[in-house]
Amino acid sequence: MQVRRLDITGAYEFTPKAFPDHRGLFVAPFQEAAFIDATGHPLRVAQTNHSVSARNVIRGVHFSDVPPGQAKYVYCPQGALLDVVIDIRVGSPTFGRWEAVRLDDTEYRAVYLAEGLGHAFAALTDDTVMTYLCSTPYTPGAEHGIDPFDPELALPWSDLDGEPVLSEKDRTAPSLAEAADNGLLPDYETCLAHYEGLRSPG
């Protein structure tokens with residue numbers, strides 16, 4: 001497993017080795033030892049999610065209140081997508097910045113984003129599947145969104161070859177500035193303390 005720490009604190013890219021043969025292919029997109037070595041703590045999995053998206057569907061930007069927050073380990077077992085991690089933690093030195101990683105059924109890369117980070121992706125093919133390992137269950141009152149077309153963020157949707165498809169909730173989500181003004185965004189120092197608590201024994 002190859003691991004790359006992204007420039008945004010709390011975000012990592014994992015690239016597993018695939019084993020193709022005459023029967024097909026075997027790959028392990030999540031490997032606990034590699035994950036712990038990179039992050040310093042195990043991944044608690046409280047829920048797994050599975051989404052199927054048509055080409056040009058954008059999901060996000062989504063995030064959760066911290067605490068407890070919701071960390072995600074995501075990969076694409078079918079199709080291809082552009083996965084985007086956005087730093088929306090108030091006080092972070094990389095606040096407002098994003099990083100994008102192509103996830104697909106060729107390389108089977110995975111992305112881990114810690115609690116407090118924003119997440120979005122765009123499906124590049126029809127029937128694109130996203131698998132999520134989530135650290136906490138879905139909690140409606142603690143879930144929020146940001147407009148994926150907020151010009152302040154300027155997210156990289158230029159690879160889409162058609163009209164973007166969004167849910168009504170994502171289409172009407174507030175801008176980053178509006179979310180900040182309404183006190184919805186996670187606090188960077190609170191997130192760092194949470195990450196440190198995950199590394200502490202017991």
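Residues numbered from 1 in each chain as written. Predicted model: local features only at pLDDT ≥ 70, side-chain atom pairs only at ≥ 80, totals over all residues. Heavy atoms only, no water.

The protein appears in an unreviewed UniProt entry as Putative TDP-4-keto-6-deoxyglucose 3,5 epimerase from Saccharopolyspora spinosa. Database annotation for the protein, UniProt heading Sequence similarities (unreviewed entry): "Belongs to the dTDP-4-dehydrorhamnose 3,5-epimerase family." (UniProt positions renumbered as here; feature names shortened; annotations may be inferred.)

**Q** Explain the sheet that holds strand S7 (residues 72–78) here, please?
**A** The strands making up a sheet associate through backbone hydrogen bonding, with each pair oriented either parallel or antiparallel. Sheet architecture is open: six strands sit in the order S1-S2-S10-S7-S12-S5, paired in antiparallel fashion. Strands at the two margins of the open sheet, each flanked by one partner only, are strand S1 (2–5) and strand S5 (47–53). The mean angle between the axes of side-by-side strands here comes to 20°, regardless of whether they run parallel or antiparallel. Sheet strands in contact with helix H1 (residues 32–39) are S1, strand S2 (11–15), S7 and strand S10 (110–113), and its direction is about 150° off that of S2. (Pairing = 2+ DSSP bridges. Helix = DSSP H or I, 4+ residues; strand = E, 2+ residues; numbered from the N terminus. Axes fitted to C-alpha atoms, helices over the stretch in contact; angles between N-to-C directions. Contact = heavy atoms within 4.5 Å.)

**Q** How do you make sense of the sheet that holds strand S11 (residues 118–123) when you look at a structure like this?
**A** Taken together, the five strands give an open sheet; going across it, the order is S9-S8-S11-S6-S13, and neighbouring strands pair in antiparallel fashion. Across the chains shown, the open sheet's two edge strands, defined by having one partner strand only, are strand S9 (98–104) and strand S13 (143–145). With strand direction ignored, the average angle separating the axes of adjacent strands in the sheet is 25°. Two strands pair when backbone bridges link them, and strand S8 (residues 80–86) and S11 are joined in this way by six bridges, in the antiparallel orientation. Across the sheet, Val-84 pairs through a bridge with Ala-120, a residue of S11.

**Q** Where do I start with the layout of surface pockets in this structure?
**A** Over the atoms, a rolled probe matching the size of one water molecule traces out where space is still vacant. Of the volumes computed, that of the largest pocket is approximately 440 Å³. Lining the largest pocket are 20 residues; nearest its centre among them are Asn-49, Arg-59, His-62, Lys-72 and Tyr-132. Sorting the residues of the lining of the largest pocket by element identifies S5, strand S6 (58–64), S11, S13 and helix H2 (168–171) as the ones contributing at least two each. In terms of residue count, the dominant contributor to the lining of the largest pocket is S6 (four residues). Split by residue class, the lining of the largest pocket holds seven nonpolar, eight polar and five charged. (1 Å grid on protein atoms, 1.4 Å probe; cavity = no way out; pocket = protein on both sides within 12 Å on 5 of 7 lines; lining within 4 Å. Points joined across faces, edges and corners; volume = space filled by probe spheres on them. Nonpolar A, V, L, I, M, F, W, Y, C, P; charged D, E, K, R; others polar.)

**Q** Is there a simple way to explain the packing of aromatic side chains in this structure?
**A** Geometry of an aromatic ring pair is reported as the spacing of the ring centres plus the angle between the planes. All told, the structure shown has eight aromatic pairs when counted by the stated rule. Judged by centre distance (4.8 Å) and plane angle (90°), the rings of Phe-35 and Tyr-112 are edge-to-face. Linking Phe-35 in helix H1 with Tyr-112 in strand S10, this pair joins segments that are 77 residues apart in sequence. Among the aromatic residues, those joined into a ring-pair cluster are Tyr-12, Phe-14, Phe-30, Phe-35, Tyr-73 and Tyr-112. (Phe/Tyr/Trp six-rings, centres within 6.5 Å; stacked < 30°, edge-to-face > 60°.)

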